[in-house]
Amino acid sequence: YAFFTHSISVAGIFALLYYLFFNHRFEYYYIWQHSSTVLPHSYIFASFWEGQEGSFLLWSFWHVVLAWFIIRKSGPWEAPVMVTISLVQVFLASMVLGLHIGTLKIGSNPFVLLREHPDMVNLPFVKMPDYLERMDDGRGLNPLLQNYWMVIHPPTLFLGFAATLIPFAYAMAG
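Residues numbered from 1 in each chain as written. Predicted model: local features only at pLDDT ≥ 70, side-chain atom pairs only at ≥ 80, totals over all residues. Heavy atoms only, no water.

Quick word on the nonpolar core
For step 1, the next point in the chain: Grouped together as the largest cluster of nonpolar side chains are 47 residues, with contacts concentrated most on Leu17, Phe48 and Ile85.
For step 2, the next point in the chain: For this core, the secondary structure elements donating two or more residues are α1 (2–22), α2 (29–34), α3 (41–47), α4 (52–73), α5 (78–97), α7 (148–163) and α8 (165–173).
For step 3, the next point in the chain: Among the elements that take part in this core, α4 stands out by supplying eight residues, more than any other.
For step 4, the next point in the chain: Not counting the four nearest positions on each side in its chain, Ile85 is found in contact with Phe3, Ala67, Ile70, Leu165, Ile166 and Ala169. (Core = buried A, V, L, I, M, F, W, Y, C linked by side-chain atoms within 4.5 Å. Buried < 20%, exposed > 50% of the residue type's maximum accessible area, 1.4 Å probe, protein only. Helix = DSSP H or I, 4+ residues; strand = E, 2+ residues; numbered from the N terminus. Contact = heavy atoms within 4.5 Å.)

Okay, structure coming up:
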């Protein structure tokens, strides 16, 4: 039940972030930094994993998908294998949460508002109450990444990364 809840959470975060990207909600630093209104839909789709936060979410998503195959097919190995998979998910989640432990910062949260991001907090335009109405566009996808391979390559690459967890989890369970 815990992994089911986790799976729904990962899918929900994934869906929410895509909603924010496709609706150009530039009040979020991650959306502003990686998207713009002039990008075609496929590149807006690829903007999701341009940054660290989206890449870790994509990696976590593939782990969830593969873990459901483990739950269905592993039989008596399910419990020890899922312990390893769940521990890796905890690590990836910590990279997306943006934890602050004293002066140590671990990861980065994709839902930080533009006005609250450390790079923007002291800039004069975020102090204006209507600064969002003055923003027409985000920074957009890096021009070097505006290629159809950017849409295909990272999801495939992260599926491969995620798949390496399966033999590792069985080895740890053994």
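Regarding the packing of α4 against α7
For step 1, the next point in the chain: As a packed pair, α4 and α7 sit with axes 9 Å apart at the nearest point and diverge in direction by 55°. Here α4 is positioned oblique relative to α7, judged by the angle of their axes. Along this stretch, α4 crosses α7, giving a crossing that reads as right-handed. Contact residues: α4 offers Ser55, Leu58, Trp59, Trp62, His63 and Leu66, while α7 offers Pro154, Pro155, Phe158, Leu159, Phe161, Ala162 and Ala163. (Axes fitted to C-alpha atoms, helices over the stretch in contact; angles between N-to-C directions. Parallel < 35°, antiparallel > 145°, perpendicular 65-115°, else oblique. Left-handed = near helix turned anticlockwise from the far one by under 90°.)

Considerations on the environment of Ile101
For step 1, the next point in the chain: Note that Ile101 resides in strand β1 (residues 99–101).
For step 2, the next point in the chain: As a C-alpha pair, Ile101 and Phe125 span 24 residues in sequence and 30 Å in three-dimensional space.

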